[in-house]
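Chain residues, written in single-letter form:
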Amino acid sequence: MNEQTTTAAPLLFTKPTLLLAEQHSDFGFKAHDSYNYASNANALPLTIAEFEKAAISYPIVFTNNDRPTAMAVTGLTANKNYYVDADGSWIAGEYIPAYVRKYPFVFMESEDGDQFSLCIEDEYLVESGGQPIFDNEKPTPEIQKALDFCKNFQASWQQTDQYVKILQDLDLLIDRRADIETTGGDRLSLDGFCVVDRDKYARLPKAATNELPRELVAAVTCHFVSMSCWAKLLMIGEKS
């Protein structure tokens with residue numbers, strides 16, 4: 001956890017603060033007591049390792065930029081996560097993405113990309129009280145647990161990035177828009193995302209398919225399964 005110059009704040013974070021033993025030896029942190037911090041996110045990052053569990057809760061799509069990332073769609077309108085109830089709880093029985101579960105901690109990448117440092121959203125850092133962060137300048141068990149979680153997430157994220165790059169190189173990602181009509185007759189449209197072209201994927205030569213990593217093949221199958229969740233998303237949204 002060394003001091004580095006970091007990039008802009010990631011999704012859900014406003015002011016991530018680098019945790020340093022020399023600065024925060026007497027500080028503590030408070031745990032969040034609700035998921036309100038994610039209530040304005042209508043899509044959340046996913047790693048491929050999560051696809052199987054997430055596929056029955058959310059449509060899984062990909063961003064349509066130069067470096068696509070996998071996302072769980074959580075709402076059909078801007079700034080609205082249907083899966084966070086009014087009391088700040090996550091809808092019971094639905095998978096909670098790891099990106100959400102690691103909050104208020106996050107890894108921030110140095111500008112040269114050589115190092116990741118553990119940060120915490122600033123509002124959860126307290127000068128007195130809370131759970132200790134350091135003990136004799138070493139991370140406490142709770143901080144070590146957060147550090148390990150973020151390390152595992154980052155490793156899975158890098159693997160996901162590599163696998164999505166394969167889909168991109170095979171030209172399998174196509175732009176898509178979701179047009180949905182509510183039971184009240186209103187029409188909702190969500191665009192700006194990509195999906196795997198099912199027909200093109202099915203037409204891949206057997207040799208090319210055999211060369212794909214097993215995890216990627218399983219993830220693509222889960223992605224196709226998740227497309228049935230658009231109706232579920234609408235149902236949850238109409239109840240929220």
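Described below are features of the structure shown in this document. (Residues numbered from 1 in each chain as written. Predicted model: local features only at pLDDT ≥ 70, side-chain atom pairs only at ≥ 80, totals over all residues. Heavy atoms only, no water.)

### Concerning the overall build of the protein chain
Test applied: For helices the rule is a DSSP run of H or I covering at least 4 residues; for strands it is a run of E covering at least 2, with both sets numbered from the N terminus onward. For a compact globule the rule gives 2.2 Å times the number of residues to the power 0.38, and the radius of gyration it is set against comes from C-alpha atoms. The rule is simple: take the accessible area with a 1.4 Å probe, protein chains only, and divide by the maximum for that residue type; under 20% is buried, over 50% is exposed, in between is partly exposed. We call two residues contacting when some pair of their heavy atoms lies within 4.5 Å.
Across its full length, the protein chain holds eight helices and 13 strands. What you see for the protein chain is a C-alpha radius of gyration of 20 Å, in line with the 18 Å of a compact globule of 240 residues. Dimensions along the principal axes, computed over C-alpha positions, put the protein chain at roughly 60 × 50 × 25 Å. The buried share of the protein chain, reckoned over its 240 residues, is 46%. At a minimum sequence separation of 6, the contacts of the protein chain that also span at least 24 residues come to 72%.

### Quick notes on the packing of aromatic side chains
Heads up, the rule is: Between rings of Phe, Tyr and Trp, where Trp is taken as its six-membered ring, a pair exists when centres lie within 6.5 Å; planes separated by under 30 degrees are stacked, by over 60 edge-to-face, and by other angles tilted. Charge-over-ring contacts are defined here by two conditions on Lys NZ or Arg CZ: a distance within 6 Å of the ring centre and an angle within 35 degrees of the ring normal.
Enumeration over the complete set of coordinates arrives at 13 aromatic pairs. Ring geometry for Tyr 35 versus Tyr 37: centroids 6.1 Å apart, planes at 50 degrees, classification tilted. By the ring-pair criterion, three or more aromatic residues cluster together here, those being Phe 13, Tyr 35, Tyr 37, Trp 90, Tyr 103 and Tyr 124. Residue placement shows Lys 102 over the ring face of Tyr 99; its charged tip is 4.3 Å from the ring centre.

### Regarding the sheet that holds strand 9 (residues 131–132)
Our working definition: Think of it this way: DSSP has to see at least two bridges between two strands before they count as a pair.
Across the sheet, which stays open at both edges, the three strands sit in the order 8-2-9 with antiparallel pairing between neighbours. Both outer strands of the open sheet, strand 8 (125–126) and strand 9, are each paired with one neighbouring strand and no more. Both strand 2 (residues 28–29) and strand 8 contribute to a ladder of two bridges, which runs antiparallel. In the sheet register, Gly 28 faces strand 8, and the bridge partner there is Val 126.

### A closer look at the layout of surface pockets
How we decide: Only protein atoms enter the 1 Å grid, on which a cavity is a set of points fitting a 1.4 Å probe that cannot get out and a pocket is an open set with protein on both sides within 12 Å along at least 5 of 7 lines, lining residues being those with an atom within 4 Å of a point. Grid points are joined across faces, edges and corners, and a volume is the space filled by probe spheres set on the points. Note on residue categories: nonpolar means Ala, Val, Leu, Ile, Met, Phe, Trp, Tyr, Cys or Pro, charged means Asp, Glu, Lys or Arg, and polar means any other residue, Gly included.
Approximately 260 Å³ is the volume found for the second largest pocket. Arg 101, Lys 102, Tyr 103, Phe 105 and Ala 146 are the residues nearest the centre of the second largest pocket, which is lined by 14 residues in total. The dominant element in the lining of the second largest pocket, judged by the number of residues it contributes, is helix 4 (residues 141–169), at five residues. Tallied by class, the residues present in the lining of the second largest pocket amount to eight nonpolar, two polar and four charged.

### Here we look at the pairing of strand 6 (residues 105–109)
Across the five residues that make up strand 6, a large majority, four, are buried. With five bridges joining them, strand 6 and strand 7 (residues 116–121) adopt antiparallel strand pairing. Along strand 7, the bridge assignment pairs Val 106 with Cys 119.

### Regarding the pairing of strand 4 (residues 60–63)
As paired strands, strand 4 and strand 5 (residues 70–73) are joined by three bridges and run antiparallel to one another. The residue of strand 5 that forms the bridge with Phe 62 is Ala 70. Connecting strand 4 to the antiparallel partner strand 5 that follows it, the hairpin turn spans six residues. As paired strands, strand 4 and strand 13 (residues 187–196) are joined by two bridges and run antiparallel to one another. Pairing of Thr 63 across the sheet is with Phe 193, part of strand 13.

Interpretation in functional terms is not warranted from these geometric data alone.
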